[in-house]
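Listed here are the chains, written in short residue letters.
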Amino acid sequence: MLAFISRFSTQLLASCVLVGFALPNFSNALLPLLPAVLFFLMLLTIVSLNIKTLVTDLAQASVWLYAVWHTFGVTILIMTLAWLLNIDSKLYLAIAATCATGSLFASPAIVRSLGLDAQRCMAMTIASTLLMPLVLLLNGWLFSRFNGNEQLQLDMQIYSLRLAIFIVLPIMISLLVHKLLKQSLIEQALKQIRPFTIVLVFFFPLGLMGAFREIFDETPSKALEYLLIASGVCLVLFISSFLLYYRQGKNLAIISAITATNRNVLLTYSITGSFLGLEYMIYMGAIQLPIYLLPMLVKLAVRPS
């Protein structure tokens, strides 16, 4: 069963979005469990990586240049397009908050399912997450006025705690595991564990669809508008990131495109609380389908070289 899940993981992830949409009560019930799922996903992912190589990657300027693009660059691009296309200003804060968000912690697992470098993706994910507080605060200050909210007050204590839980603690556990156990034993265990990382990813599209389904039941046209905007944003992020990194190789371009498209919207919501409002809850659901559909299309259309 796990071999089947691993082989068809990208298709199953897209299917989970539809299941979460079809079962809104089930989706809402899963939502409070997602932070715990997020922790175990990070733990399994980081244990499977070479920590020394990860630290080396994070010391490279290119990784941080990507993080600047992922946050500041994307904000400028997307919000300019939103203004030019005359998108409802009530959505500005939700879109801007998503632009500030670090990459989904599931990105390395998705990248690995495509046969690409999960190590590099993890470094890019962590770097973009570390830049997130500054950009989120800036975006909140700039765009909260468009829907009448008070200026965003980013709780750095909560954010720091979540960084410690989701990044520092898994790294410490991984270091301990690699110190206490032989490498051959770790590799043998990881062969059995790796398929479970994809299983954990399934919880995210399943658990974030409740608010989107509720607005769909009330006003289908409004839900469709959210879906079209979220899909358009993801498409722009994917294409622009791919083209930006294509000269550095097709594989890195694909990794950059997937990492830029995937957004850890759950962490952003956890940090900002109810400030982002219902619009962001709906947008979280709307963005799930394009996030998980794009890797499937990449897997069908492109063979990494």
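Not measured: the values here are computed from a predicted model.

> Explain a nonpolar patch on the surface here, please?
Together, Leu 81, Trp 83, Leu 84 and Leu 85 line one region of the surface with nonpolar side chains, adding up to about 470 Å² of accessible area. Position of Leu 85 relative to the elements: it lies in the loop between helix 6 (61–84) and helix 7 (92–100).

> Even after reading the chapter, I still don't get the confidence of the model for the protein chain, so can you show me in this structure?
Reading predicted coordinates in detail is not appropriate for stretches of low pLDDT. For the protein chain, per-residue confidence averages 85 on the pLDDT scale, and residues scoring 70 or more make up 92% of the total. Model confidence for the protein chain, summarised as mean pLDDT per element, is weakest for helix 1 (residues 2–7) at 65 and strongest for helix 6 at 96.

> Sorry, what's going on with helix 16 (residues 265–272) here?
Structural remark: α-helix, 3.6 residues per turn; residues separated by three or four positions point the same way. Burial analysis of helix 16 places six of its eight residues in the buried class, the great majority of the element. Of all the residues in helix 16, the buried ones are Val 265, Leu 266, Leu 267, Thr 268, Ile 271 and Thr 272.

> Sorry, what's going on with the nonpolar core here?
The tendency in soluble globular proteins is for nonpolar side chains to be buried as a group. Residues Ile 95, Phe 212, Tyr 283 and Tyr 292 are the most contacted members of the largest nonpolar core, which totals 104 residues. With near-sequence residues (within four places) excluded, Tyr 292 lies in contact with Thr 10, Leu 13, Ala 14, Val 17, Leu 104, Ile 110, Val 201, Phe 204 and Pro 205.

> Before we go on, may I ask you to explain unusual backbone geometry in this structure?
The phi torsion of most residues other than glycine is negative, and most of the peptide bonds are trans. Positive phi outside glycine occurs at Asn 86, with the angle close to 60 degrees. Residue placement: Asn 86 occurs in the loop between helix 6 and helix 7. The exposure class assigned to Asn 86 is exposed, which follows from its relative accessible area of 67%.

> Hey, could you run me through the packing of helix 9 (residues 118–143) against helix 15 (residues 250–261) in this one?
How two helices sit against one another is set out by the angle between their axes and by the gap between those axes. Remark: helix 9 packs on helix 15, axes separated minimally by 10 Å, with the N-to-C direction vectors making an angle of 40 degrees. Judged on the interaxial angle alone, helix 15 and helix 9 are oblique. Where helix 9 crosses over helix 15, the two elements pack in a sense that is right-handed. Where helix 9 approaches helix 15, its residues Arg 120, Cys 121, Met 124 and Thr 125 are matched on the opposing element by Leu 252, Ile 255, Ser 256 and Thr 259. Within the contact of helix 9 with helix 15, the residues separate by chemical class into four nonpolar, three polar and one charged.

Here is what the cut-offs are and how they apply
- Residues numbered from 1 in each chain as written.
- Predicted model: local features only at pLDDT ≥ 70, side-chain atom pairs only at ≥ 80, totals over all residues.
- Heavy atoms only, no water.
- Patch = residues over 30% accessible without salt bridge, like charges linked within 9 Å, V, L, I, M, F, W, Y side chains within 5 Å.
- Areas by Shrake-Rupley, 256 points an atom, 1.4 Å probe, with all protein chains shown as cover.
- Salt bridge = Lys/Arg side-chain N within 4 Å of Asp/Glu carboxyl O.
- Helix = DSSP H or I, 4+ residues; strand = E, 2+ residues; numbered from the N terminus.
- pLDDT = per-residue confidence, 0-100.
- Buried < 20%, exposed > 50% of the residue type's maximum accessible area, 1.4 Å probe, protein only.
- Core = buried A, V, L, I, M, F, W, Y, C linked by side-chain atoms within 4.5 Å.
- Contact = heavy atoms within 4.5 Å.
- Axes fitted to C-alpha atoms, helices over the stretch in contact; angles between N-to-C directions.
- Parallel < 35°, antiparallel > 145°, perpendicular 65-115°, else oblique.
- Left-handed = near helix turned anticlockwise from the far one by under 90°.
- Nonpolar A, V, L, I, M, F, W, Y, C, P; charged D, E, K, R; others polar.

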